[in-house]
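Structural characterization, general
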Amino acid sequence: MIPSPPERFILLDGIRGVAALFIVHRHAEQFFGRNPASSYLAVDLFFALSGFVLAHAYSRKLYEGAITPGFFMKARFARLYPLYVLALVLMAAYFICLYVLGLPTPIDDLHRLIDPGELAFALVTGLLFLPAPFTLTLNGALFLVSPAWSLFNELVVNAVYARWGVRATTRQTVVVLFISAVVLMVAAAEFGKLHAGFRWHEMYAGMGRVFFSFFAGVLIYRFRNRVPELKPVQAALCLVLVCFILAVPMSGGLRPYFDLVVVLLVWPLLLFVASRTVPGPKVGAVSAFLGTASYAVYVLHIPLLAWTEFLIPAATRQGVALPAGIAFLVATTCLSWWLTVYYDQPVQTWLKNRLRKHAQIRQPV
């Protein structure tokens, strides 16, 4: 009997891909300008999707002891590391180039010259997937590749899930959600929004964001079969809803309340519905493509933006910036898909085969 292929949540791939594009749009200010959109809430959506997908892929194996928490964490590093290292190399090369030319970094608010000691330290901590013990003047964040703050937070919650969360009862999981929600309310009151977590004094907010959304995703996976399978038309509506929420501007007075409603209610509800929605052929094809490219888009867009502005400064001039930004989005997505298929996936396969062989040697049957 041929085993059935593992279930793939194609619409969730599409949601992840759309959210990644909104993150790029937010950071590409040289092309699109500053805007008061809510695109940073895509990170909370990433965390919720991750909790759901990892619960689907690993919860039974971890619960039954088929794999150890240590093996799980190694598999997570193998998933994140190949593209992350590529982004780290590109970012380090960019700063080295600026240092050699005696140019200040445009990413730093103070536009100071590159400190080679800081750069070396940031590279070492980045290779270890750890935040630097100080806020880097290189990019105002704790990582050389600034989106890595969310990846670090996710690895922390992954370790907690593997050690404890996979065996936590529904009541215990709800307690985690309640405590995390309180942390989010405190953060929203302090910062006036949930766009926080990537600097040391904001670290608690980042942990609140990842623990709430990740374990909400885990809990939704446990109860997803209580929702009937929905028709394809709902798939397009889910993607439209994501676009609307991430694009909508919000005044400062309403911002903390809007952010809390989206993270605590809208994203979990969207995930609950989308996990049971089967898209039609066209939406499914777009979702599969964007989902494949999504992680590479997220982790590579900062170095790609930096190098694009450095090598093609004319692209950011008035009258050219908007079409150049659209071209950048398209090119980054296509390049990310190609790198995922022809670089990341083969390297992941090799790393995971090595992990399995090593586990078999250490734990012979």
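Within each chain, residue numbers correspond to sequence positions counted from 1 in written order. The model is predicted, so local features are restricted to residues of pLDDT at least 70 and side-chain atom pairs to those at 80 or more, both for listing and for counting; the totals for chains, interfaces and linings are taken over all residues. Each side-chain value is derived from all of the structure's non-hydrogen atoms; neither hydrogens nor water enter the calculation.

A run of H or I in DSSP counts as a helix once it spans at least four residues, and a run of E counts as a strand once it spans at least two, with each numbered from the N terminus. Each helix should span, by expectation, one fewer than its residue count multiplied by 1.5 Å. With 15 residues, helix α9 (residues 233-247) ought to run about 21 Å at 1.5 Å a step, and its terminal C-alpha atoms sit 22 Å apart, in line with that. Categorising residues by exposure relies on relative accessible area from a 1.4 Å probe, with only protein chains included: less than 20% of the type maximum marks a residue as buried, more than 50% marks it as exposed, and the intermediate range marks it as partly exposed. Where α9 is concerned, the buried positions are Ala235, Cys238, Leu239, Val242, Ile245 and Leu246. One side of α9 holds all its buried residues, which, seen down the axis, span an arc of 130°. Exposed residues pointing more than 90 degrees away from the buried face of α9 are listed as Val233, Leu237, Val240 and Phe244. Regarding the arc, it is the one traced by the directions from the helix axis to the C-beta atoms.

Looking now at the pattern of salt bridges. By salt bridge we mean one thing: a side-chain nitrogen of Lys or Arg within 4 Å of a carboxyl oxygen of Asp or Glu. Counting across every chain of the model gives 6 salt bridges. Arg209 serves as the salt-bridge partner of Asp44, at 2.7 Å between the closest nitrogen and oxygen. Separated by 165 residues along the polypeptide, Asp44 in helix α3 (residues 42-64) and Arg209 in helix α8 (residues 203-223) bring together distant segments of the chain. Both residues of the pair, Asp44 and Arg209, belong to the buried class.

When two helices pack together, their arrangement is given by the angle between their axes and by how far apart the axes lie. Throughout, an axis means a line fitted to C-alpha atoms (over the contacting stretch in the case of helices), and angles, computed between N-to-C directions, take values from 0 to 180 degrees. Two elements in contact, α3 and helix α4 (residues 69-101), have axes separated by 11 Å at closest approach and are oriented at 145°. Both α3 and α4 take part in a crossing whose hand is right-handed. Together, Ser50, Leu54, Tyr58 and Leu62 of α3 and Pro69, Phe72, Ala75 and Arg76 of α4 make up the contact between the two elements. Residues are sorted three ways: Asp, Glu, Lys and Arg are charged, Ala, Val, Leu, Ile, Met, Phe, Trp, Tyr, Cys and Pro are nonpolar, and all the rest, Gly among them, are polar. Residues of the contact of α3 with α4, tallied by class, amount to 6 nonpolar, 1 polar and 1 charged. Helix crossings get a hand from a simple test, with the near helix turned counterclockwise from the far one by less than a right angle marking a left-handed crossing and a clockwise turn marking a right-handed one. In this description, contact between two residues means that some pair of their heavy atoms is separated by no more than 4.5 Å.

Our focus in this paragraph is the environment of Val186. With respect to the helices and strands, Val186 occurs in helix α7 (residues 170-191). Val186 sits in the partly exposed class, given a relative accessible area of 45%. Between the C-alpha atoms of Val186 and Leu339, which are 153 residues apart in sequence, the distance is 40 Å.

For Ser294, the position within the fold is in helix α11 (residues 281-311). By relative accessible area, which is 4% here, Ser294 ends up buried. Apart from residues no more than four positions distant in its own chain, Ser294 is found in contact with Arg16, Gly17 and Ala20.

With that settled, consider the packing of aromatic side chains. The geometry of an aromatic ring pair comes down to the distance between the two centres and the angle between the two planes. Ring pairs shown here join Phe, Tyr and Trp side chains whose ring centres sit within 6.5 Å, with only the six-membered ring taken for Trp; geometry is labelled stacked below 30 degrees between planes, edge-to-face above 60, and tilted in between. Applying the stated criterion across every chain yields a total of 25 aromatic pairs. Summarising the aromatic geometry, the rings of Trp338 and Tyr342 are spaced 5.5 Å apart at their centres and angled 40° between planes, so their arrangement reads as tilted. Of this pair, Trp338 and Tyr342 both sit in helix α12 (residues 321-362), separated by 4 residues, roughly a single helical turn. A residue is classified by how much of its surface remains accessible, and Tyr342, at 53% relative accessible area, is exposed.

Right, let's get into α8. With 21 residues, α8 should cover 30 Å at 1.5 Å per step; its first-to-last C-alpha distance of 31 Å lies within 8% of that length. Of all 21 residues making up α8, 18 are buried, and the element is well covered by its neighbours.

For the rest of this paragraph, the subject is the side chain of Gln30. Checked against the element boundaries, Gln30 lands in helix α2 (residues 29-32). Leaving out residues up to four positions away in the same chain, Gln30 has contacts with Leu305, Glu309, Thr316 and Ala321.

Another point: the packing of α3 against α8. Interhelical geometry of α3 versus α8 gives an angle of 45° and a closest axis separation of 7 Å. With respect to their mutual orientation, α3 and α8 come out oblique. Judged by the sense of rotation from one axis to the other, the crossing of α3 with α8 is right-handed. Here Val43, Asp44, Phe47, Ala48, Ser50, Gly51, Phe52, Leu54, Ala55, His56 and Ser59 of α3 lie close against α8, whose contacting residues are Arg209, Val210, Ser213, Phe214, Gly217, Val218, Ile220 and Tyr221. Its residues assigned to classes, the contact of α3 with α8 comprises 11 nonpolar, 6 polar and 2 charged. Note on angle classes: values under 35 degrees are labelled roughly parallel, values over 145 roughly antiparallel, values of 65 to 115 roughly perpendicular, and the remainder oblique.

The subject of this paragraph is the confidence of the model for the protein. A score between 0 and 100, pLDDT records how confident the predictor is in each residue. With 94% of its residues at a pLDDT of 70 or more, the protein has an overall mean of 91. Taken together, the stretch residues 1-5 has pLDDT below 50 and engages in 0 contacts with residues farther than four places along the chain or on a different chain.

So, about the environment of Ser336. Tracing the sequence through the fold places Ser336 in helix α12. Taking the C-alpha atoms as reference points, Ser336 and Phe32, 304 residues apart in sequence, are found 21 Å from one another. Setting aside anything within four residues of it in sequence, one finds Ser336 in contact with Ala293, Ala296 and Val297. For this analysis, a polar contact is any N or O atom pair within 3.5 Å, provided that within protein one partner can donate a hydrogen and the other can accept it, and provided that sequence-adjacent residues contribute only side-chain to side-chain pairs. In terms of polar contacts, Ser336 uses its side chain to reach the backbone amide nitrogen of Val297, at 3.3 Å.

On the surface, Ile96, Tyr99, Val100, Leu101 and Leu103 cluster together to form a nonpolar patch covering roughly 480 Å² of accessible area. Within the secondary structure, Val100 sits in helix α4. Residue Val100 is classed as exposed on the basis of its relative accessible area of 64%. Like charges are joined within 9 Å and nonpolar side chains (Val, Leu, Ile, Met, Phe, Trp, Tyr) within 5 Å, but only among residues with over 30% relative accessible area and no salt bridge; these make up the patches. Residue-level accessible areas treat just the shown protein chains as cover; the underlying method is Shrake-Rupley with a 1.4 Å probe.

The next subject is unusual backbone geometry. Here the phi dihedral of Phe129 falls at roughly 60°; this positive angle occurs in a residue that is not glycine. As for its placement among the helices and strands, Phe129 is situated in the loop between α5 (116-127) and α6 (148-163). Classification of Phe129 by relative accessible area gives buried; the value is 2%.

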